[in-house]
Amino acid sequence: MMKEFKMAEILPVEALKSKIWSMFDILRSERIASEDYHVLLFLLSAYKDGLFNTEILNENSNLNERLVSCLHNSESELTNQYNAILATFEPLVMRLSENGTRHIIRALGELNLAILDENFADIFDAVLYRITQSQGRFGGEFMQPVELTRFICGLAELQPNSRIYNPFAGLASFGVYLDQGQDYFGQE
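Residue indices follow the written sequence of each chain, beginning from 1 at its first position. Local features in this predicted model are restricted to residues of pLDDT 70 or higher, and side-chain atom pairs are both shown and tallied only at a pLDDT of 80 or more, whereas totals for entire chains, interfaces and linings draw on every residue. Side-chain descriptors were evaluated using all non-hydrogen atoms of the structure, hydrogens and water having been removed beforehand.

Enquirer: Residue-level account of the overall build of the protein, with values.
Expert: Going along the chain from the N terminus, every DSSP run of H or I of four or more residues is numbered as a helix, and every run of E of two or more is numbered as a strand. Along the backbone of the protein there are nine helices and two strands. In the protein, the order of α-helices and β-strands from amino to carboxyl end is α-α-α-α-α-α-α-α-β-α-β. Across the 188 residues of the protein, 39% fall into the buried class. Here, two residues are considered to be in contact whenever any of their heavy atoms come within 4.5 Å of each other. Put simply, of all contacts in the protein between residues at least 6 apart along the chain, 63% involve residues at least 24 apart. Surface accessibility follows the Shrake-Rupley procedure with a 1.4 Å probe radius. Residue values consider only the protein chains on display as shielding. With the model as given, the accessible surface of the protein reaches about 11,400 Å², and the carbon-plus-sulfur share is 52%. Exposure is judged per residue with a 1.4 Å probe applied to protein chains only, and the accessible area is read against the type maximum: over 50% gives exposed, under 20% gives buried, and values in between give partly exposed.

Written out as structure tokens, the structure reads:
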């Protein structure tokens, strides 16, 4: 009985990962280089955190500019954190065609937000891992195996307001598995 419950739980998560991975077809059709695929993880995170929603598709002005404006001016308490990295991703968002941006936003709107929110660390890490695999021979050289990350995080027994410093962060996989309220500083 327990095994059946876990399978029912895993299938929606795997389906969600698959839907997210299919969004990379949009980036490929837009001729976005594989090293820039991280823009989709940024948009996925911003969408999950409520910085924008599919309602921006209903307005008549330039979609890419509206999206960037939403990201800069969201009423979310996370806006300042996102603005710190938006400068990196804004040129990539602006390079997308309006049609490409529209397809990505529609695809994000089709995701089950409850499943995404509940399993975000696993989903983010799995998609990030697939991105690095798609980059060829050296793409995953800074990627720590998920199993090792989970193991080490399980050993740490961190308190709710812990501050964590990782001098060997690579792609900051430890940061993905921390709880809300724990501060993480990673450096490579």
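Enquirer: Describe the nonpolar core, listing the residues and the values that go with them.
Expert: I20, F24, L27, L43, F52, L71 and L108 are the most contacted members of the largest nonpolar core, which has 48 residues in total. Broken down by secondary-structure element, the contributors of at least two residues to this core are α1 (2-29), α2 (38-48), α3 (63-73), α4 (79-95), α5 (98-109), α6 (113-118) and α7 (120-134). In contact with L43, not counting residues within four places along its chain, are F52, L67, L71, V93, I104 and L108. Nonpolar core, defined: a set of buried Ala, Val, Leu, Ile, Met, Phe, Trp, Tyr and Cys residues in which side-chain atoms within 4.5 Å join the residues together.

Enquirer: Let's hear about the pairing of strand β1 (residues 163-166): which residues, and what values?
Expert: Burial of β1 is one-sided: the residues I164 and N166 facing one way are buried, the residues R163 and Y165 facing the other way are not. The rule for pairing is simple: two strands pair if DSSP sees at least two bridges between them. Across four bridges, the pairing between β1 and strand β2 (residues 183-186) is parallel. If you follow Y165 over to β2, its bridge partner there is F185.

Enquirer: Account for α5, naming residues and giving values.
Expert: One less than the number of residues in a helix, times 1.5 Å, gives the span that helix is expected to have. Look at α5: 16 Å from first C-alpha to last across twelve residues, which is about the 16 Å you get at 1.5 Å a residue. Buried residues of α5: G100, T101, R102, I104, I105, A107 and L108, and no others.

Enquirer: Provide a residue-level description of a nonpolar patch on the surface, including the pertinent values.
Expert: Only residues whose relative accessible area exceeds 30% and that take part in no salt bridge are eligible for patches, with like-charged residues grouped when within 9 Å of each other and nonpolar side chains (Val, Leu, Ile, Met, Phe, Trp, Tyr) grouped when within 5 Å. Only one rule defines a salt bridge in this text: a Lys or Arg side-chain nitrogen within 4 Å of an Asp or Glu carboxyl oxygen. Taken together, the side chains of L148, F151, I152 and L155 define a hydrophobic patch exposed on the protein surface, amounting to about 380 Å² of accessible area. Residue position: I152 is located in helix α8 (residues 146-156). Take I152: its relative accessible area is 33%, and that puts it in the partly exposed class.

Enquirer: Which residues make up the side chain of R102, and what are the values?
Expert: Secondary-structure assignment places R102 in helix α5. Those residues in contact with R102, other than ones at most four positions away along the chain, are L57 and L63.

Enquirer: Hey, could you go over the pattern of salt bridges for me, with residue numbers and the actual values?
Expert: Tallied over the entire structure, the rule returns six salt bridges. Put simply, D49 and K48 hold a salt bridge, and the shortest N to O gap is 2.8 Å. For D49, a relative accessible area of 23% corresponds to the partly exposed category. Here D117 makes a salt bridge to K48, at a shortest N to O gap of 3.7 Å. Pair noted here: D117 is in helix α6 and K48 is in helix α2, with a separation of 69 residues, a long-range link. Because the salt bridges share partners, they merge into one network encompassing K48, D49 and D117.

Enquirer: Just give me the short version of the packing of α2 against α5, but keep the residues and values in it.
Expert: Between the N-to-C directions of two axes lies an angle of 0 to 180 degrees, each axis being a line fitted to C-alpha atoms and, for a helix, fitted only over the stretch in contact. Look at α2 against α5: their axes get within 11 Å of each other, and the N-to-C directions meet at 50°. Here α2 lies oblique to α5, going by the angle between them. Seen along the crossing, α2 lies across α5 with a hand that is right-handed. Together, L40, L43, L44 and Y47 of α2 and I104, L108 and G109 of α5 make up the contact between the two elements. When grouped by side-chain class, the residues that make up the contact of α2 with α5 number six nonpolar, one polar and no charged. An angle below 35 degrees is treated as roughly parallel, one above 145 as roughly antiparallel, one from 65 to 115 as roughly perpendicular, and anything else as oblique. Whether a crossing is left-handed or right-handed is set by the direction in which the near helix is turned from the far one by less than a right angle, anticlockwise for left-handed and clockwise for right-handed. As a working rule, the residues Ala, Val, Leu, Ile, Met, Phe, Trp, Tyr, Cys and Pro are called nonpolar, Asp, Glu, Lys and Arg charged, and the rest polar, with Gly in that last group.

Enquirer: How would you sum up the packing of α2 against α4? Please name residues and give values.
Expert: It is the contact of α2 with α4, at a shortest axis distance of 10 Å, that shows an interaxial angle of 130°. As judged from the angle between their axes, α2 and α4 are oblique. Crossing angle aside, the handedness with which α2 passes α4 is left-handed. Along its contact with α2, which presents H38, V39, F42, L43, S45 and A46, the element α4 presents Y82, I85, L86, F89, L92 and V93. In terms of residue class, the contact of α2 with α4 is built from ten nonpolar, two polar and no charged.

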